[in-house]
Amino acid sequence: MEESPSFFVEDGYVRAWELEPADMTDHGDDELSSRTGSPDKEGRVPEERSLLHQSLAVRELIDTEVSYLHVLQLCASDIRSHLQQLPQGDLDVLFSNIDDIIKVNSKLLHDLQETAAREEEQVQLIGNLFLEFQEELEQVYKVYCASYEQALLLVEAYRMEPRLQREIQDTIEAVLPQAGSSGLSFLLVIPLQRITKYPLLLQKILENTLPDASAYPVLQRATSALQDVVTNINEYKRRKEVASKYTKVEHLSLRERLARINVHTLSKKTTRLGQLLKQEAGLVPKTEDKEFDDLEESFHWVSLCVTELKNNVAAYLDNLEAFLRFRPQEYDLDIPGGPVVQYCYLARDLQLQAFPEFKQRLEALVWQPLCSLAKALAGPQNLIKKRLDKLLDFERVEEKLLEVGSMTYEEEAARHMYEALNSLLVAELPQFKQLAVRWLGQILCTFVTLQRDLAKQVLQRAEGSLAQLPHHHISDPAFRKLVEDALGQTSHQLHAFQENFEKVLPPPTTQPLLPGAEHQVQALLSRYGPGKLYQVTSNISGSGTLDLTLPRGHVVALLQDKDTKGNSSRWLVDTGGHRGYVPAGKLELYHMVPREEELRGQARPHRDSQRQTPEPTLASVPSVPAVTQVVAVYPFVARSSHEVSLQAGQQVTVLEAQDKKGNPEWSLVEVNGQRGYVPSSFLARAPGPALWGWSLPS
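What you see is a predicted model, and the numbers here were worked out from it, not measured in a lab.

All right, on to the pattern of salt bridges then. Side-chain pairs of opposite charge can arise where the charged atoms are in close proximity. Evaluation of the coordinates by the stated rule reveals 22 salt bridges. Of the charged contacts in the structure, one is a salt bridge between Arg163 and Glu167, with a shortest N-O distance of 3.9 Å. Separated by four residues within a single helix, Arg163 and Glu167 lie in helix 7 (residues 162-175), roughly one turn from each other. According to the relative accessible area criterion, Arg163 is exposed, its value standing at 69%. On the accessibility criterion, Glu167 (33% relative accessible area) is partly exposed. With a closest N to O distance of 2.9 Å, Lys481 and Asp485 form a salt bridge. Pair noted here: Lys481 and Asp485 are both in helix 15 (residues 476-504), with a separation of four residues, about one helical turn. For Lys481, a relative accessible area of 47% corresponds to the partly exposed category. Since its relative accessible area comes to 41%, Asp485 is described here as partly exposed. Each member of the salt-bridge network shares a partner with another, and the members are Arg166, Asp170 and Glu173.

Here the focus is the packing of aromatic side chains. Under the counting rule described, the total for this entry stands at nine aromatic pairs. The interplanar angle of 80° and the centroid separation of 5.2 Å between the aromatic rings of Phe323 and Phe355 together place this pair among those described as edge-to-face. In this pair, Phe323 sits in helix 12 (residues 290-325) while Phe355 sits in helix 13 (residues 339-404), placing the two residues 32 residues apart along the sequence. Given a relative accessible area of 39%, Phe323 falls into the partly exposed group. Looking at Phe355, the relative accessible area reads 14%, which means it is buried.

A sheet is described by the order of its strands in space; here five strands give the open sequence 6-5-4-3-7, paired in antiparallel fashion. Among the strands making up the open sheet, the edge pair consists of strand 6 (579-583) and strand 7 (587-589). Each strand axis lies, on average, 50° off the axis of its neighbour in the sheet, ignoring direction. In terms of strand pairing, strand 3 (residues 533-536) meets strand 7 through three bridges, oriented antiparallel. Each bridged residue has a counterpart across the sheet, and for Gln535 the counterpart in strand 7 is Glu588. The strands touched by helix 16 (residues 518-528) are strand 3, strand 4 (555-560), strand 5 (570-574) and strand 6; relative to strand 4, the strand with the most contacts, the crossing angle is about 30°.

Bridge count for strand 5 against strand 6 is five bridges, and the pairing is antiparallel. Within strand 6, the position partnered with Trp571 by the bridge is Val582.

With their axes 8 Å apart at the nearest point, helix 3 (residues 88-95) and helix 6 (residues 148-159) run at an angle of 125° to one another. Classified by the angle their axes make, helix 3 and helix 6 are oblique. Crossing of helix 3 over helix 6 shows left-handed handedness. Residue-level contacts link Asp90, Val93 and Leu94 of helix 3 to Gln150, Ala151, Leu154, Val155 and Tyr158 of helix 6. Residue composition of the contact of helix 3 with helix 6, grouped by class: six nonpolar, one polar and one charged.

The rules behind each value
- Residues numbered from 1 in each chain as written.
- Predicted model: local features only at pLDDT ≥ 70, side-chain atom pairs only at ≥ 80, totals over all residues.
- Heavy atoms only, no water.
- Salt bridge = Lys/Arg side-chain N within 4 Å of Asp/Glu carboxyl O.
- Helix = DSSP H or I, 4+ residues; strand = E, 2+ residues; numbered from the N terminus.
- Buried < 20%, exposed > 50% of the residue type's maximum accessible area, 1.4 Å probe, protein only.
- Phe/Tyr/Trp six-rings, centres within 6.5 Å; stacked < 30°, edge-to-face > 60°.
- Pairing = 2+ DSSP bridges.
- Axes fitted to C-alpha atoms, helices over the stretch in contact; angles between N-to-C directions.
- Contact = heavy atoms within 4.5 Å.
- Parallel < 35°, antiparallel > 145°, perpendicular 65-115°, else oblique.
- Left-handed = near helix turned anticlockwise from the far one by under 90°.
- Nonpolar A, V, L, I, M, F, W, Y, C, P; charged D, E, K, R; others polar.

Everything listed here is a matter of geometry and, on its own, says nothing about what the molecule does.
As structure tokens, this is what we get:
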């Protein structure tokens, strides 16, 4: 193994410096003196001395690679297998991707040993070899170095448990006595030391190679390439630290957020806000990064698709749950035998097995992966937001650097933080987006497959029941035509019934105003106009902070046909005293009810039209003469002791055709010995002794 004093780890980053191997130098001097047969002071041949040192450096490279690989194999086989008392997650962190490192370094060692057969070209072959392995070495070692800090945290945690620490130490000393008391720390740092040793070993070979030799430029490129590998590994580790710091999504209460506010955070946020305002006002230029903007937009669309699909699947599961609760086959359908029995048997079979199994698979294979994907997207989304803050800091520092020409240590750190964060997003966000799209595609394919399996399973279970149905012998196109004809005929019958029903009953009328609401309606009408007035069709019970509770018949003015989130099913309204949200489905456009004088002026042409038509119709009774027998057209539920309930078709005696304030929209009636007010528009009278086409209920 190489000497560990040549390497150290500072703040989790690999560092290296070069020490002159004293034993190698002394050994080379002795060997050179013995070859030349002359004392050192009489002069040595420079070329032979360089070749000897070069040969020793090559030997050191290969010998230390053999020792290094041997230690790695002991860690992966003997030590890891004897630490089974540790959780598997801890072992994955401690040994990280050591198997990948062994694989790459085994190939490297094999190729290095093969260069010995071509001694004249060995140095040049070694240079080319490291250029060839540059990318592979960087890929495997940067993964290991990124997890090194987390592994050290585990080592510190083990030291808090003396018994476990003793077991780990005994296991390591039994396999590697040279580890000493360092134990796990000694093993973990070995790969970091090795990757920083390669540039030093190549530099030593380069120093002992003649500048005019053909291998010299190759060794120069190889040494520079391995130095770049170490630099890139440290940069990758720094990016990972930034990512782990800002990808954490914390759900803090307002009190916890306020507790984190201090003078430093207020100063940073104020400076950022000032920088943003200056950019918006055009006082300072704004940094444009089209590459990142396009990348952010495409990632935003992926996130939007995941969120939308998650909402749709949640609604689908809710509807499926409601469907499974509805079991018509358990009720007596009052239809004797035949296809109904087969339907009940099939529905019961599907309800107990096929559909619950489908729901279980849907939750496990679609819903849970979709939730995991949405959770995975939260980290990059948080990084993108944090990048905007760091960009404002970066622009402020660059602006100061142009003005003053210098910056503080904190400003330089903020500058490097933005550069690291931006480089991380530009490098890894496209890969993450591709993985997310692939993940999303697999979820959609799984959903389609589950639907196909359900349909296939239902058809298989229904084969026995289909054979006993009356139309089982008909082909699929003929059966489809039969169903379409039956549905068309039924639709025609329903339409004809609706037309006849509308001829008998009067058209729906506007809900009556609540007593004393005329002033409120007039105020809303004068302020908003008739096109903005709506009437509540059924009682509304508000559940939220801004939701209103309104009775049926209340008139409101529409302010906005959606809420702040763009939901068009909640409307913002004004009641004349309060403003809030109500369900849009419980509002209908309010039509002004004509006054009694206008209705009387319309009565004469209405009676003339009745003489001309052969079919009698019901007439609405907004104003009914005193002590008149009429019929309730619609049911009405009393809401106070001053009102009385009605049933549709019930005979009613009108005592007064207006309330005490003279409002004709309410009538005082007597029903089954009870007196109270009802809406006048709910009452009607017929020209004959009975309604045309209908008989009054007894």
